[in-house]
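# Results of the structural survey
Residues per chain are reported as follows:
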Amino acid sequence: MEEHQSWRCNKETMNLDGETNLKIKQALEVTLDLKEDIKFREVRQTIKCEDPNANLYSFVGSMEWKGQQYPLSPHQLLLRDSKLRNTDYIYGAVIFTGHDTKVMQNATDPPSKRSTIEKKMDKIIYILMSSLLMIALLGSVFFGIWTKEDIRDGKLKRWYLRPDASTIFYDPKRAALASFFHLLTALMLYSYFIPISLYISIEMVKLLQALFINQDIEMYHEESDKPTHARTSNLNEELGMVDTILSDETGTLTCNMMEFIKCSIAGTAYGQGVTEVERAMAVRKGFRLDDDIENGGHKDNKIDDSPHVNGFNFKDPRIMDGNWIHEPNRDMIRDFFRLLAICHTCIAEKDENGKISYEAESPDEAAFVIAARELGFEFYKRSLTTIIIREWDPSQNVVEKRKYELLNILEFSSSRKRMSVIVKEPEGRILLLSKGADSVMFKRLARNGRKFEEDTRRHINEYSDSGLRTLVLAYRVLDDKEYKEFNEKLNAAKTSVSADRDEKIEQAADSIETDLILLGATAVEDKLQKGVPECIDKLAQAGIKIWVLTGDKMETAINIGFACSLLRQGMTQIIITLEQPDIIALEKNGDKLTIAKASKQRVMDQIEVGIKQIPPSTHVSTESFALIIDGKSLTYALEDDVKLKFLDLAIKCASVICCRSSPKQKALVTRLVKQVTHKVTLAIGDGANDVGMLQEADIGVGISGAEGMQVIF
C-alpha cells in the first residue's frame, strides 16, 4: 500500500519485526495538495516497481506524475500487517495483494513440537499395536483352519458349538469369512492391551500443569499486567530435562531500555555514572565502587535530588545546568548536542500540558534526543522539510528557536553502520551531520578533523569495557556547488528502477560522507534485567549449559557476560575471532576466494587449539572454560566440515557467547546443538529476530518486553 496523505504518518510494525517503535511514513512532496476525494477525479499516474519479494526493508519503484518520474522508497510503502498510528486516514494505491505481499512472502509454517515422553509413548504404542495385530491374526488363522476341519466323515468334532446351526461364525463351508469375523472380534476383545487411558491421564495432568503455569504469581509482571502464557501444554515435562539454554542478550538478559550515561567531546570524557558492568568488574578485582566517584578521582558531594528521567542517567557538573559554556571547547560541545538533536528520525509529540515526548525507531535514538533536551537542546518539531530546535543560551538565559531546513536523510543500514542528515542552518551554512560505528566513522575523518581521534578511541575502548554501546559523532560543512552535485547524483540513483538502485544510492552517500570533523562519541547503557545474575548462577549450579547469541560486539558481550555471572572469575576464555592483522590486511587486498579459504583455515586452527587447551573431563571441570566466538568466525564454524569440531569444543565449555550473530546464525547454531547432542534445548528471546532460534529449539520461551512477543512456547 503506497500512501499519499497530508505529508507524513506513523506506523507500528510489531507484527512484522517485533519492534514497538513507530516508523515514519511520508508522501511524495508533489502529491501534498491531494487532500480531498474530489481532487482524485483527474489523477493519472503510473507506478513502476520491483517484483514481489520477501525483503521488508527495501522497495524499488518510481511514479510517473505529470510527465515527471519520482522515486519511491520504503518511506512511501505501508506494509500489510503494520498498523497506522497518529493519522485519521490516508489516500493510497494498492501495489501488492494476497500472496504477493511482503509479509506473506516471509510467512513460514511453524514447526510441530512434541515432548520426548510423547515420542517414547508413540513407539511403545506402535509395538503394542503390532503385538495386538499379531496375536489376533495368529488366532484367526488357526480358528479358520479348525473351523474348516470341523466336519469330518459327517461327524461334528466340536458339536458343542453347533456349527450345523451357525450361518457365519462357525460354518465350516465358509471358514475364511468366519476367520475374518474372528479377527474383528479378537481386536475388540484384546483392545485393552493398548493403554488408551494412559494418554488421557497424561493429557489431563499436562493441562492442569499449564493452568498452574499461567496462574503462577511469581511469573506475573505487575507493571504491564501480563501473566505467563503457555501456548501449548505438551512440552511441560521437557522443562525439567533441559541440557542447554540458548538466549538472546538485548531485551532478554538486558532491558533494551537505553540510558545516556557518558560521552566524549573534543577528547574530554564526561559523565560520572557507574555502570553495572563496572560494578561487576570492581567486585572481580576485590574492591567496591562508590557511585559518586568521578573519573578524575574526586567526589561530588552535592546531593542530586532531581527526578530520574527515563533514557537519561548522565551526571557531570561540568556540562549540566548550562555549565558547558565555561568549558574550553564549548563550541564543539554545542555542535555535539545540536547533532544529537537533529541527526535522527524521531517524532516529537506534544501532550495536553505542552510537554514534549518522543517516538523513536530505536531506544538508542530516544536516549540521544532526551539527553540533548535535558542539556538544553530540545528537539521540538519536524515537518517534511524542516526541523525546529529549542536551544537554551546559558549566557543570556533565554530559549531561542532554531529552524533547520532538512535537505536529505541518508538512512542507517547494517552495511553502512551510520546515518547522516544534511541540513541548512538559519545562518545559511549547509551541514552534513553524521553518527555511526567507530569502525566506519574513523576512516572517514579529514586530516584536519582528527585532532581528538586518539583520546576519543581510548574513551570508546573504556566505554566498551564498561559494557556500554558507543557511537561516533562527526560533521562537515558543504559548499553550495558540492551539495548541488551530490543531490543530482542522489536523485538520479533514487529514480533508477534497476536492480542495483540501492548500491547506487549507497555510492552517492559514500561520496559525500568523507572529510568529516570529529566531535566525539556517545555511550549508552542497556541495563540488566532484574535477577538475571542470580538466575544464571542457579542454572550453572544445576549443570545447565548457557549459550548467549547476541549482535553486540565482543568487548561489550564479554563485559555484560561478567556482569550477569555468565563469565566468572578464574574462567579460561577461549576466543575465536577473525579480527586479526593478517586477516584484516587480506580482506583489504585479497579476492573473496582467498579471504574465505584463509579465514576458514584460521577458524579451524583456533578451534583445534581450543580443544587441546581443555584437558580430559577426569582432570578438570568444564566449569573452568568459556568459549567466545564472533560472527565472522561463526560463518565458517557452521560449515559442514567444521561444525562438529566446533560443537565438540563448545559442549566442553560451561558458557558460550556468540557475538555479532545474525538471526539466521542463531537458528543454525540452535539446530546444530539440538541435532548433534540429541539433548533438550531451550531458547529464550524477545524480538522477531529471535523467532528462527525459538522455532528450532525443543522449547521456545518468549519474553514479552520492549520489542513485543512473536514466539513459540
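Below or above, wherever it landed, is the structure these notes cover. (Residues numbered from 1 in each chain as written. Predicted model: local features only at pLDDT ≥ 70, side-chain atom pairs only at ≥ 80, totals over all residues. Heavy atoms only, no water.)

## Considerations on the sheet that holds strand S4 (residues 45-49)
- Here three strands make up an open sheet; going across it, the order is S4-S5-S6 and the pairing antiparallel. Either end of the sheet is taken by a strand with one partner, and the two such strands are S4 and strand S6 (68-72). Between one strand axis and the next, the sheet turns by 20 degrees as a mean value, whatever way the strands run. (Pairing = 2+ DSSP bridges. Helix = DSSP H or I, 4+ residues; strand = E, 2+ residues; numbered from the N terminus. Axes fitted to C-alpha atoms, helices over the stretch in contact; angles between N-to-C directions.)

## Some details on empty space enclosed by the protein
- Applying the stated criterion across every chain yields a total of three cavities of 30 Å³ or more.
- Estimated volume of the largest cavity: approximately 90 Å³.
- What lines the largest cavity is Asp-335, Arg-338, Leu-339, Ile-342, Tyr-404, Glu-425, Arg-429, Leu-431, Leu-433, Tyr-475 and Leu-519.
- For the lining of the largest cavity, the elements supplying multiple residues, two or more each, are helix H7 (330-342) and strand S20 (430-436).
- With four residues, the top contributor of residues to the lining of the largest cavity is H7.
- Partitioning the lining of the largest cavity into residue classes produces seven nonpolar, no polar and four charged. (1 Å grid on protein atoms, 1.4 Å probe; cavity = no way out; pocket = protein on both sides within 12 Å on 5 of 7 lines; lining within 4 Å. Points joined across faces, edges and corners; volume = space filled by probe spheres on them. Nonpolar A, V, L, I, M, F, W, Y, C, P; charged D, E, K, R; others polar.)

## Examining helix H5 (residues 196-214)
- For H5, which comprises 19 residues, the first-to-last C-alpha distance of 28 Å matches the rise-based estimate of 27 Å (1.5 Å per residue) to within 8%.
- Taken residue by residue, H5 has Lys-206, Ala-210 and Ile-213 as its buried positions. An end-on view of H5 places all buried positions within 60 degrees of arc, on one side of the element. Exposed residues pointing more than 90 degrees away from the buried face of H5 are listed as Ser-197, Met-204, Leu-207 and Phe-212.
- Check the buried side of H5 and you find it contacts helix H3 (116-148). (Expected span 1.5 Å × (residues − 1). Buried < 20%, exposed > 50% of the residue type's maximum accessible area, 1.4 Å probe, protein only. Arc of directions from axis to C-beta. Contact = heavy atoms within 4.5 Å.)

## Structural notes on helix H10 (residues 453-465)
- In this model H10 runs 18 Å from its N-terminal to its C-terminal C-alpha over 13 residues, within 8% of the 18 Å that 1.5 Å per residue would give.
- Looking only at H10, the buried set comprises Glu-453, Thr-456, His-459, Ile-460, Tyr-463 and Ser-464. Each buried residue of H10 sits inside an arc of 140 degrees when the element is viewed along its axis, so together they form one side.
- Turning to H10, the residues buried within the fold contact strand S12 (254-265), strand S13 (268-270), helix H9 (438-441), strand S21 (469-478), strand S22 (517-528) and helix H14 (554-563).
- Positive phi shows up at Gly-467, right after H10, with a value of about 80 degrees.

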